Each structure stands twice: as structure tokens, then as C-alpha cells.
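Geometric and topological summary
Residues per chain, in single letters:
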Amino acid sequence: MGKIIKGLVKFTVAAAAVGGVCYAFRDKIKETEVYKNNNVDEKIDKVKATLKEKMPKVFDKEKDIVEENEIFVEDCAEDGERGYVEIDTEAAKEDEASEDAEPAEA
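Cut-off values and rules
- Residues numbered from 1 in each chain as written.
- Predicted model: local features only at pLDDT ≥ 70, side-chain atom pairs only at ≥ 80, totals over all residues.
- Heavy atoms only, no water.
- Helix = DSSP H or I, 4+ residues; strand = E, 2+ residues; numbered from the N terminus.
- Buried < 20%, exposed > 50% of the residue type's maximum accessible area, 1.4 Å probe, protein only.
- Phe/Tyr/Trp six-rings, centres within 6.5 Å; stacked < 30°, edge-to-face > 60°.
- Lys NZ or Arg CZ within 6 Å of the ring centre and 35° of its normal.
- Patch = residues over 30% accessible without salt bridge, like charges linked within 9 Å, V, L, I, M, F, W, Y side chains within 5 Å.
- Areas by Shrake-Rupley, 256 points an atom, 1.4 Å probe, with all protein chains shown as cover.
- Salt bridge = Lys/Arg side-chain N within 4 Å of Asp/Glu carboxyl O.
- Lys, Arg positive; Asp, Glu negative; His and termini not counted.
- Charge placed at Lys NZ, Arg CZ, Asp CG, Glu CD.

So, on to the overall build of the chain. Within the chain, the secondary structure is distributed over seven helices and zero strands. Put simply, the chain runs from its N terminus to its C terminus through helices and strands in the order α-α-α-α-α-α-α. Counting over 106 residues, the chain shows a buried share of 1%.

Structure representation (C-alpha cells):
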């Protein structure tokens, strides 16, 4: 397992280095004949358009996420204030202790 992780780290570092060099020299790369002859800009635009079409549009359909009859707690509260219930832990402990102290009837 250690070899896999080391290999993955080496690959990631190498890919980052290549990406950094390409980014630094991007203007010179765009001027090369290979770049121009292979219509790289058109291919990149085509890939971007395809990704946009196939990616799920989560934020565009926000209305469909919430059902019409769904009720939220905020909707039920008056004036936007929530009601809270206080739990008295000492009273609960005393009740348990008194139940344990009473003898069970047979």
C-alpha cells in the first residue's frame, strides 16, 4: 500500500510541475505551429461546452428540490422566534432515585 501512495504522490508532483511550466509558457505554446495546426483552442472550447451540458445543474432547479407541501420549523414559529423547552436534569435524577428506593410489590 505504501508503494501506491508514494507513486501517487510522485505522479501528482510531476503533473503539477508540468502544469506549472505550461502555465508559465502558455503564450509561447500558443504561438507554436503544432498548437495552431491542431486547432487546440477549438477542441478546448468543444470540451468545455460538452462538460457544461453534461454536468448536473443543481442551482438552476432549486425550486424542484423543495416540495410544495413541505413544512419547515421556521414557517411554524410566530414572528420568526422559536420556542425552546428547558430540561431540568436534577428533577429527573430525583425521580429515578425515588423509583429505585421504593420496594417492588409482589
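Phi is positive for N39, which is not a glycine, with a value near 50°. Looking at the element boundaries, N39 is found in the loop between α3 (33–37) and α4 (40–54). Residue N39 is classed as partly exposed on the basis of its relative accessible area of 40%.

Bringing the packing of aromatic side chains into the picture now. Taken as a whole, this structure holds zero aromatic pairs when the rule is applied. For the cation-ring pair, R26 lies above Y23, with the distance from its terminal atom to the ring centre recorded as 4.3 Å.

Let's shift gears to a negative patch on the surface. A surface patch of like charges, here negative, comprises E86, D88, E90, E94, D95 and E96. Inspection of the secondary structure puts E94 in helix α7 (residues 89–101). Classification of E94 by relative accessible area gives exposed; the value is 56%.

Together, R26, K30, K48 and K52 line one region of the surface with positive charge. The set of elements that each furnish at least two residues to the positive patch consists of α2 (26–30) and α4. Checked against the element boundaries, K52 lands in helix α4.

Right, let's get into the environment of K36. Note on placement: K36 falls in helix α3. We classify K36 as partly exposed; its relative accessible area is 47%.

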